[in-house]
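# Tertiary structure, described
These are the residues of each chain, in order.
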Amino acid sequence: MPAILRRRKLISIKPERKNAVTYRKEEVQAEVMTPPPAADQQKIPGSTVVCPACKREVNKAEVEKNKYVCYECGSYFRVRTKNRIRMVADAGTFEPWFEYLESENPLDFPEYTQKVEAAREKTGLHEAVTIGRCKIYGEETVLGICDARFLMSSMGHVVGEKIALGVERATDLKLPVILFCCSGGARMQEGIISLMQMAKTSAALKRHSDAGLLYVPVLTDPTTGGVTASFAMLGDIILAEPGALIGFAGPRVIETIGQKLPEGFQRAEFQLEHGFVDAIVERKNLKITLNRILKMHHSREGFADFDPLRMDDNYEPTELMRERAARAKGLTPWEKVKAARKVDRPSATDYMENIFDEFMEFHGDRYFRDDPAIVGGVAYLDGQPVTVIGIQKGKDFKDCMKHNYGMPSPEGYRKAIRLMKQAEKFGRPVITFVNTAGAYCGMEAEERGQGEAIARNLYEMSALKVPVLCIMIGEGGSGGALALAVGNEVWMMENATYSILSPEGFASILWKDGKRAKEASEIMKITAMDLKSLGVIEQIIPEYGVADAKACESISRYLKGNIKKFLEKQNGRTGEQFASERYARFRKF
């Protein structure tokens, strides 16, 4: 292990301290950790505690049963290390690592050594972070927990070293890493040496990621400063507890420059809305959520690891749908334009719910915002993990408003490509459902780089080293649709459309008369039949008349069976082959 010389030497290896903390199951006690009470907030001794948020006396035993959440107001108590281990790790499986590391005083800062010793005596902890190996419902992982009681869990050199060593060992053992983050930031008493821990921990995580391994930080209250600007925000999937304060500069720092902060600023919900957190998970659901994420990221061979018990599933349409299909008359191109635009047409999430199991949605582009127009995450297709992304229009006026009528903003496209690159890292197939009149054309979209976002998707999708299947389920409007349709194969619903521009826009530009849209639709070659003959798509999906709520189940069955066939064909092929075939597919046009 690298060491730094005295004055430069911050860590020395010494035998275990006699009073070093251990983690036997019988020692894990149900305790509530609250911030120090203010003068007007007296803690009631005995069986009650005072909630720091609502200031009410609450029964301690009930709070413990409630995962240290106030049953009066729902606010979260901070959790001690032993209790966090008890809530997340399987009983008796946590094995602490690197408890032998001893800290030094790199700046010879007055009374710093005494402060560290006092924190150890008070908390029973070796340092502000505890890291080791455990199982979560049987899934093995490296687990780290920051504890705010120890100098506000500030990141000194021992904290940085334990995290870096833990991540390095996880890399060697090919294990995922889960870190419960909580910190006031850098440890001021260690000055520049504390600052260097940001780079050290980030570099260790980069090597872990390059080895194709999973990292999940869980952001708890508060996660600020240098921890936010390093290991806390580098996860493949970032989770947060409700109401947690998350930010680089704390609220008091921001207010020193005269800015008044709105209610909820920098809280977990704010970070979710602004694209920096994948999901907010209630404490009672954290263990099962982490277990699900770990299971989804098992290493697998091929792309069609389906449950054998599902081999004989029926993918045929219902008798009613067969009858509807037999009676259905073919639609004209203009009728198909109108059919594709109908609000009651099944949406991307309808097909996701019918085809896949255990869909777990992930949010945000990590830059600016979470765009509700694009929904994406990981799901199972009869046991095979897949990344699923869809453009969601909405099912009624209010829902359409929420999803911006299916017109993605730049942050939507950036979220989509983030999820695709994540799929590539973990060897998951990508399946997209496309239904959009086009990319959002508002002023703010241009300010945030709509053209660049679409171009970046085309650029990155072309080279993805996993199979990509794209399905046009409604409108396929111009570059806004193509940005999610650079696939090894592209399929199209029977009455969907896919075009360079809307018929109205086409007629306005070429003929200076938008009223000639119907005429334009007939010559633009925008229907599935037209595009199949042009080689733009590979397969036409039957709608059994016209896609609606009644047909959704049968359409989904057809899609599921054919998606499984598509993935079975991809087994044995290399990432380079997928990228080369995709390149050749679009190179021919």
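No experiment lies behind these values; they were computed from the predicted model shown. Numbering of residues starts from 1 in every chain and runs along the sequence as written. Two thresholds apply to this predicted model, a pLDDT of at least 70 for residue-level local features and 80 or more for giving and counting side-chain atom pairs, whereas whole-chain, interface and lining totals are computed over all residues. With hydrogens and water set aside, each side-chain value is computed from the structure's full complement of heavy atoms.

## As for the environment of R428
This is how the line gets drawn: Numbered from the N terminus, helices here are DSSP runs of H or I no shorter than four residues, and strands are runs of E no shorter than two. Summary of the burial criterion: residues with accessible area below 20% of their type's maximum are buried, those above 50% are exposed, and those between are partly exposed, where the area comes from a 1.4 Å probe applied to protein chains only. Any two residues whose heavy atoms approach within 4.5 Å are treated as being in contact. In protein, a polar contact means a hydrogen-donor-capable atom and an acceptor-capable atom, both N or O and within 3.5 Å, with residues adjacent in sequence counting only if both atoms are side-chain atoms; elsewhere, any N or O pair within 3.5 Å suffices.
Among the structural elements, R428 can be located in the loop between α14 (410-426) and β16 (430-436). Classification of R428 by relative accessible area gives buried; the value is 2%. Between the C-alpha atoms of R428 and D313, which are 115 residues apart in sequence, the distance is 23 Å. With near-sequence residues (within four places) excluded, R428 lies in contact with M296, H297, V378, P385, V386, T387, Q422, A423 and V466. A polar contact is formed between the side chain of R428 and the side chain of H297, at a distance of 3.1 Å.

## What about the side chain of D90?
Tracing the backbone through its elements, the reader meets D90 in the loop between α2 (81-88) and β4 (95-97). There is a polar contact of 2.7 Å between the side chain of D90 and the backbone nitrogen of Y137. A polar contact of 3.2 Å, which involves the side chain of D90, links it to the side chain of K287. Excluding anything up to four places from it in sequence, D90 contacts K135, I136, Y137, G138 and K287.

## A look at a nonpolar patch on the surface
For clarity, the threshold we go by: Here the term patch refers to residues with relative accessible area over 30% and no salt bridge, with like charges joined within 9 Å and nonpolar side chains (Val, Leu, Ile, Met, Phe, Trp, Tyr) within 5 Å. Per-residue accessibility takes into account occlusion by the displayed protein chains alone, with areas from the Shrake-Rupley method and a 1.4 Å probe. By convention in these notes, a salt bridge is any Lys or Arg side-chain nitrogen within 4 Å of a carboxyl oxygen on Asp or Glu.
On the surface, a nonpolar cluster with roughly 400 Å² of combined accessible area is contributed by I500, L501, I509 and L510. Note that I509 resides in helix α18 (residues 503-511).

## Topic: the nonpolar core
The criterion, for reference: By convention a nonpolar core is built from buried Ala, Val, Leu, Ile, Met, Phe, Trp, Tyr and Cys residues, the set being connected through side-chain atoms within 4.5 Å.
In terms of nonpolar packing, the biggest core is built from 89 residues, with L239, Y351, F356, F433, L559 and I563 touching the most fellow members. Ignoring sequence-local partners within four residues, the contact set of F356 consists of Y351, A379, Y380, L381, V386, V388, I431 and F433.

## Comments concerning the side chain of E190
To be explicit about the condition: Working convention for charge: Lys and Arg count positive, Asp and Glu count negative, and His plus the chain ends are omitted.
Summarising the element assignment, E190 is placed in the loop between β8 (177-183) and α5 (191-210). One buried charged residue, E190, forms no salt bridge at all, with the nearest opposite charge on R187 at 4.2 Å. In terms of polar contacts, E190 uses its side chain to reach the side chain of H157, at 2.7 Å. Once residues lying within four places of it in the same chain are set aside, the contact partners of E190 are P106, L107, Y112, G156 and H157.

## Brief notes about helix α16 (residues 450-461)
Put simply, the rule reads: Working rule for helices: expected span equals 1.5 Å times residues minus one.
Given a rise of 1.5 Å per residue, twelve residues ought to cover 16 Å, and the 17 Å separating the end C-alpha atoms of α16 matches this to within 8%. As for α16, its buried residues are in contact with α14, α15 (443-447), β17 (468-477), α17 (478-482) and α22 (575-587).

## Looking at the pairing of strand β15 (residues 384-391)
Rules: Strands qualify as paired when DSSP identifies two bridges or more between them.
Among the eight residues in β15, eight count as buried, and that is most of the element. Across eight bridges, strand β14 (residues 374-381) lies against β15 in antiparallel orientation. Note on β15: the bridge partner recorded for V375 is G390. From the end of β14 to the start of β15, which pair antiparallel, there are two residues, and D382 there has a positive phi angle of about 50 degrees. In the sheet, β15 pairs with β16 via four bridges, with the strands oriented parallel. When the sheet's bridge partners are listed, I389 is paired in β16 with T432.

## A closer look at the packing of aromatic side chains
Let me state the cut-off plainly: Planes of paired rings set the category: under 30 degrees apart is stacked, over 60 is edge-to-face and the rest tilted, where pairs are Phe, Tyr or Trp rings (Trp by its six-membered ring) whose centres lie within 6.5 Å.
What the rule picks out here adds up to nine aromatic pairs. With a centroid separation of 6.3 Å and 85 degrees between ring planes, the pair formed by F98 and Y100 is classed as edge-to-face. For the pair W491 and F566, a centre-to-centre distance of 6.3 Å together with 85 degrees between the ring planes defines the contact as edge-to-face. Residue W491 is found in strand β18 (residues 489-493), and its partner F566 is found in helix α21 (residues 549-570); the two are separated by 75 residues along the sequence.

## Notes on α14
For α14, built from 17 residues, the straight-helix expectation of 24 Å at 1.5 Å per residue is met to within 8% by its first-to-last C-alpha distance of 25 Å. Across the 17 residues that make up α14, a large majority, 14, are buried. Count one or two residues on from α14 and you reach G427, which has phi positive near 70 degrees.

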